[in-house]
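In case you want the letters, here they are:
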Amino acid sequence: MKHLYILILAVLTLASCGTDSGHFKLEGRLLNINQGEFYVYCPDGAMRGLDTIKVQAGRFTYTTECDAPKTLVVVFPNYTEQPVFAQPGKSVDIKGDASHLKELTVKGTKDNELMNKFREQIHSASPPEVLKAARQFAADHPESIVATYLVRRYFIDTPAPDFATAKRLLKDISAKQPDNGYVDMLKSMVAGRESTPDGALPKLNARDINGSSVTTATLKKARTTVILAWSTWNYTSVSMLRQLDQRAKASNGRIAVVGICLNPSLKQCRTALKSNDITTATIICDGRMVDGTAYNQMEMVGLPDNILLENGRIKKRSLTMSNLMNELDKIEK
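Definitions and cut-offs
- Residues numbered from 1 in each chain as written.
- Predicted model: local features only at pLDDT ≥ 70, side-chain atom pairs only at ≥ 80, totals over all residues.
- Heavy atoms only, no water.
- Core = buried A, V, L, I, M, F, W, Y, C linked by side-chain atoms within 4.5 Å.
- Buried < 20%, exposed > 50% of the residue type's maximum accessible area, 1.4 Å probe, protein only.
- Helix = DSSP H or I, 4+ residues; strand = E, 2+ residues; numbered from the N terminus.
- Contact = heavy atoms within 4.5 Å.
- Pairing = 2+ DSSP bridges.
- Axes fitted to C-alpha atoms, helices over the stretch in contact; angles between N-to-C directions.
- 1 Å grid on protein atoms, 1.4 Å probe; cavity = no way out; pocket = protein on both sides within 12 Å on 5 of 7 lines; lining within 4 Å.
- Points joined across faces, edges and corners; volume = space filled by probe spheres on them.
- Nonpolar A, V, L, I, M, F, W, Y, C, P; charged D, E, K, R; others polar.

### What to know about the nonpolar core
Core analysis: the largest hydrophobic core is formed by 30 residues, its most contacted members being Phe118, Leu150, Val151, Tyr154, Ile156 and Leu170. Mapped onto this core, the elements with two or more residues apiece are helix 2 (110-121), helix 3 (127-140), helix 4 (145-156), helix 5 (163-176) and helix 6 (181-195). Sort the elements by how many residues they give to this core and helix 4 lands first, with nine residues. The residues touching Leu170, leaving out its near neighbours within four places in the chain, are Val151, Ile156, Val183, Leu186, Lys187 and Val190.

### Regarding the sheet that holds strand 12 (residues 255-261)
In a beta sheet, neighbouring strands pair by backbone hydrogen bonds and run either parallel or antiparallel. Sheet architecture is open: five strands sit in the order 13-12-11-14-15, paired in mixed fashion. A single partner strand is all that each edge strand has here, and the edge strands are strand 13 (282-284) and strand 15 (313-317). Strand-to-strand, the axes of this sheet are offset by a mean angle of 20 degrees, without reference to chain direction. As judged from the six bridges shared by strand 11 (residues 224-230) and strand 14 (residues 305-310), these two strands associate in the antiparallel manner. From the neighbouring strand, Ile227 faces strand 14, where its bridge partner is Ile307. Packing of helix 9 (residues 266-275) onto the sheet brings it into contact with strand 11, strand 12 and strand 13, and relative to strand 11 it is tilted by some 125 degrees. Sheet strands touched by helix 11 (residues 321-332): strand 11, strand 12, strand 14 and strand 15. Its angle to strand 14, the strand with the most contacts, is close to 5 degrees.

### Notes on the layout of surface pockets
Considering only enclosed or pocket space, the second largest pocket measures out at about 300 Å³ in volume. What lines the second largest pocket is a set of 16 residues, and nearest its centre among them are Asp44, Ala46, Ala68, Pro69 and Lys70. Mapped onto the lining of the second largest pocket, the elements with two or more residues apiece are strand 5 (70-75), helix 4 and helix 6. Tallied by class, the residues present in the lining of the second largest pocket amount to six nonpolar, five polar and five charged.

So this is what it looks like as structure tokens:
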């Protein structure tokens, strides 16, 4: 009887500490929201596709398989994104106000506590100060997966990438995280961008959502081609695709648009195209998200990300929508 009591006590203790060693659990409570749903995806490729988190009475729970540290990104209805750093057998708690999503806190593991402190540090910082803080964090905590997230967020997935800084920081992070394949992928991505000759168009070999071949030759048919990485959960990218498609319709064939959709679901992709009346753009969607063939062959690094081609050569990369439209105006004059 004594042994049985000890066994029951041990089971209850483990249950109260979180989840089993092969899973990660996320729980939360938000004020000013009753029902709804969030999306969650994994930018480092440790989880395929999108999952949905249901909200009831402001509370939500999400459990996922987890055999190694990984980064999850929760996408809220207003397209605010919250990174959560998962570890096997651990659980975290998210608290905050749905009307102030940028001020959420995630408690439960060291990595998430570090991210909380970083967000507090940059809350009122200027853009140069934010970059300095991200650079310093990565230098001070190369062993943390938070450092990897910040390097991609602030030095790679940005309209003005700083590949030299990213390369230097990733080298130190790799030394502290030798078994992290995602770090190796980022290193290869940065090296690829640095090695591409100025203006040279990488080789492309893909198929669009209707099964037609899309190659490097396809990209050179129009005088001007815009390649855009987009997804249905990223409002900015959908807006860019819609505006570019309208611009292409009015150009009488002078402008072509190729959209690389990062959705894991072709159905979601088609639904978004129909609801936004996007009919001119050539759309590629292989369901592999950031691991997709076209996305990586084009050496794209962000969401949204874009490439502006003129006469078959790269003219600009990673432009804001206003700058992209200005460049199109210049070309069409």
